[in-house]
Amino acid sequence: MDSMAASTGTGPNTGPMTVIRKIRRRTLADLPTDRTLVMGILNVTHNSFSDGGAYLDAEAAIEQGLRLLYSGADIIDVGGESTRPGAEAVDTLTEQNRILPVVEALLKAGAVVSVDTMHVATAEAALKLGEVIINDVSGLNYEPDMPELIARTGATYILMHNRGTAQTMDSLTDYEDVVEDVARELTDLAEAFLAAGVLPEQLILDPGLGFSKAGTQNWDLLRGLDRLQSLGFPVLVAASRKRFLGTLLASDSGAEPVPAERDHATAAVTALSAQHRVWGVRVHTVEPSLHAVRTARAWLGPQAATAQAEA
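Figured I'd write up the structure that's included with this text.

Calculation rules
- Residues numbered from 1 in each chain as written.
- Predicted model: local features only at pLDDT ≥ 70, side-chain atom pairs only at ≥ 80, totals over all residues.
- Heavy atoms only, no water.
- Helix = DSSP H or I, 4+ residues; strand = E, 2+ residues; numbered from the N terminus.
- Buried < 20%, exposed > 50% of the residue type's maximum accessible area, 1.4 Å probe, protein only.
- Contact = heavy atoms within 4.5 Å.
- Areas by Shrake-Rupley, 256 points an atom, 1.4 Å probe, with all protein chains shown as cover.
- 1 Å grid on protein atoms, 1.4 Å probe; cavity = no way out; pocket = protein on both sides within 12 Å on 5 of 7 lines; lining within 4 Å.
- Points joined across faces, edges and corners; volume = space filled by probe spheres on them.
- Nonpolar A, V, L, I, M, F, W, Y, C, P; charged D, E, K, R; others polar.
- Expected span 1.5 Å × (residues − 1).
- Polar contact = N/O pair within 3.5 Å; in protein donor to acceptor, adjacent residues only side chain to side chain.
- Pairing = 2+ DSSP bridges.
- Axes fitted to C-alpha atoms, helices over the stretch in contact; angles between N-to-C directions.
- Left-handed = near helix turned anticlockwise from the far one by under 90°.
- Core = buried A, V, L, I, M, F, W, Y, C linked by side-chain atoms within 4.5 Å.
- Salt bridge = Lys/Arg side-chain N within 4 Å of Asp/Glu carboxyl O.
- Phe/Tyr/Trp six-rings, centres within 6.5 Å; stacked < 30°, edge-to-face > 60°.

Scanning the protein from N- to C-terminus turns up 11 helices and eight strands. Looking at the 311 residues of the protein, the share that counts as buried comes to 54%. Nonlocal contacts in the protein, meaning residues at least 24 apart in sequence, comprise 70% of its contacts between residues at least 6 apart. Of the roughly 13400 Å² of accessible surface on the protein, a fraction of 53% belongs to carbon and sulfur atoms.

Structure, rendered in structure tokens:
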């Protein structure tokens, strides 16, 4: 863990002034290859479903990003636009003003960063700061210039399944077979990027839990991880604190726990995903999922870890 990535005052009990001391920047090549990676979520928004704007201020966001780093996050996923159902779109200038200072500071601190954006302009601006992953939740509605940008820059790109926008996705949940339909639509998306010159090794697939998926469809997709992995690309599972976990944990009266009270269920999903040797999990609270990943790796044994590293 790069606990010397920042000077005094930037650890878990960070003071009011965050001062980043330059160290050697880590790259994707430095990430572990023998286990599932843990991606920590950093929402630099005013309307996140989970943390409600706690990190909209750049200083607060940088401090939280460092906490995620110190907690053991392999990757920190920085987003400036909420994609929860019904959320209003954010213009790219606002999005960039929110996230670029945070991305730059975290890169300087030695973090591996992914940028959660649906916009070519924001992705390109972030890539000018250094090597970042582009995590695009737009799915079938990706911006037409995105494949060219990913091909030209050689960036790693997380391609997520989603049929609609934040305003429409909840109405687009009709599937004949959710696993097969998502597999087919992800394949079509991947082929569009490959046709634009993106290399297969640049792509990571995300089945898009909660995005144009309702209720038990999310569990069907988790049970179908082997099918999704058979497409030949690494897979990211992003279940953290989502509605289907709230439904699972509802009390007898029907009251669902608030998002922050769904972390135990999230860690359970992480453990099962890691047992399937997925590439990564995206979570709000790092340590429980990191422990789950390590437990799954120990359960699978050294041969499985070697097989994952060679995959």
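Back to the write-up after that little detour.
Time to look at empty space enclosed by the protein. Summed over the entire model, instances satisfying the criterion amount to two cavities of 30 Å³ or more. When its volume is computed, the largest cavity comes out at roughly 60 Å³. If you trace the largest cavity, you find 12 residues lining it, with Asp-34, Arg-35, Arg-297, Leu-300 and Gln-308 closest to the centre. If you list the elements that add at least two residues to the lining of the largest cavity, you get helix 10 (286-300) and helix 11 (302-310). Counted by class, the lining of the largest cavity contains five nonpolar, three polar and four charged residues. Looking at the second largest cavity, its volume works out to about 40 Å³. As for the second largest cavity, its lining consists of Val-237, Ala-239, Ser-240, Thr-266, Val-269, Thr-270, Val-281, Arg-282 and Val-283. Broken down by secondary-structure element, the contributors of at least two residues to the lining of the second largest cavity are helix 9 (263-275) and strand 8 (280-283).

Summarising burial for helix 3 (residues 120-127): six of the eight residues are buried, a large majority. Where helix 3 is buried, its residues meet helix 2 (92-108), strand 3 (113-116), strand 4 (132-136) and helix 4 (146-153).

The terminal C-alpha atoms of helix 1 (residues 58-70), which comprises 13 residues, lie 18 Å apart, in line with the 18 Å expected from a rise of 1.5 Å per residue. When helix 1 is considered as a whole, its buried residues turn out to be Ala-61, Ile-62, Glu-63, Gln-64, Gly-65, Leu-66, Leu-68, Leu-69 and Tyr-70. The inward-facing, buried residues of helix 1 abut strand 1 (37-43), strand 2 (75-79), helix 2 and helix 10. Between the side-chain oxygen of the N-cap and the backbone nitrogen of Glu-59 there are 3.0 Å, and the N-cap of helix 1 in question is Asp-57.

Moving on to the sheet that holds strand 7 (residues 236-237). Spatial strand order, 6-5-4-3-2-1-8-7: eight strands in an open sheet with parallel pairing. Both outer strands of the open sheet, strand 6 (203-206) and strand 7, are each paired with one neighbouring strand and no more.

In the contact formed by helix 9 and helix 10, the axes pass within 8 Å of each other and the chain directions differ by 30°. Once helix 9 is placed against helix 10, the crossing between them reads as right-handed. Contacts from Thr-266, Ala-267, Thr-270, Ala-271, Ala-274 and Gln-275 in helix 9 reach Pro-288, Ser-289, Ala-292, Val-293, Ala-296, Trp-299 and Leu-300 in helix 10.

Further remarks concern the nonpolar core. Core analysis: the biggest nonpolar cluster contains 70 residues, and Leu-42, Ile-76, Val-78, Leu-106, Val-113, Val-132 and Val-237 have the highest contact counts within it. Here this core takes eight residues from helix 5 (residues 178-195), the largest share from any one element. Setting aside residues no more than four positions away along its own chain, Leu-106 makes contact with Leu-42, Ile-62, Gly-65, Leu-66, Ile-76, Val-78, Ala-111 and Val-113. By size, the runner-up hydrophobic cluster in this structure holds nine residues, among which are Leu-37, Met-39, Val-112 and Ile-204.

With that settled, the discussion passes to the pattern of salt bridges. Under the criterion given, the structure shown has 14 salt bridges. Asp-116 is the salt-bridge partner of Arg-282, the closest N and O atoms lying 3.3 Å from each other. Note that Arg-282 is positioned in strand 8 and Asp-116 in strand 3, a separation of 166 residues in sequence. Residue Arg-282 shares its accessibility class with Asp-116, and that shared class is buried.

This part is about the packing of aromatic side chains. A full pass over the atoms with the stated rule returns three aromatic pairs. Aromatic pair Tyr-157 and Phe-193: ring centres 4.7 Å apart, planes at 25°, arrangement stacked. Residue Tyr-157 is located in strand 5 (residues 157-160), and its partner Phe-193 is located in helix 5; the two are separated by 36 residues in the primary sequence. In terms of burial, Tyr-157 and Phe-193 fall into one category: buried. Between the aromatic rings of Trp-219 and Phe-244, the centroid separation amounts to 5.0 Å while the plane-to-plane angle is 85°, which identifies the pairing as edge-to-face. On the criterion of sequence distance, the pair formed by Trp-219 in helix 6 (residues 216-223) and Phe-244 in helix 8 (residues 243-248) is long-range, its members being 25 residues apart. Note on Phe-244: relative accessible area 5%, which makes it buried.

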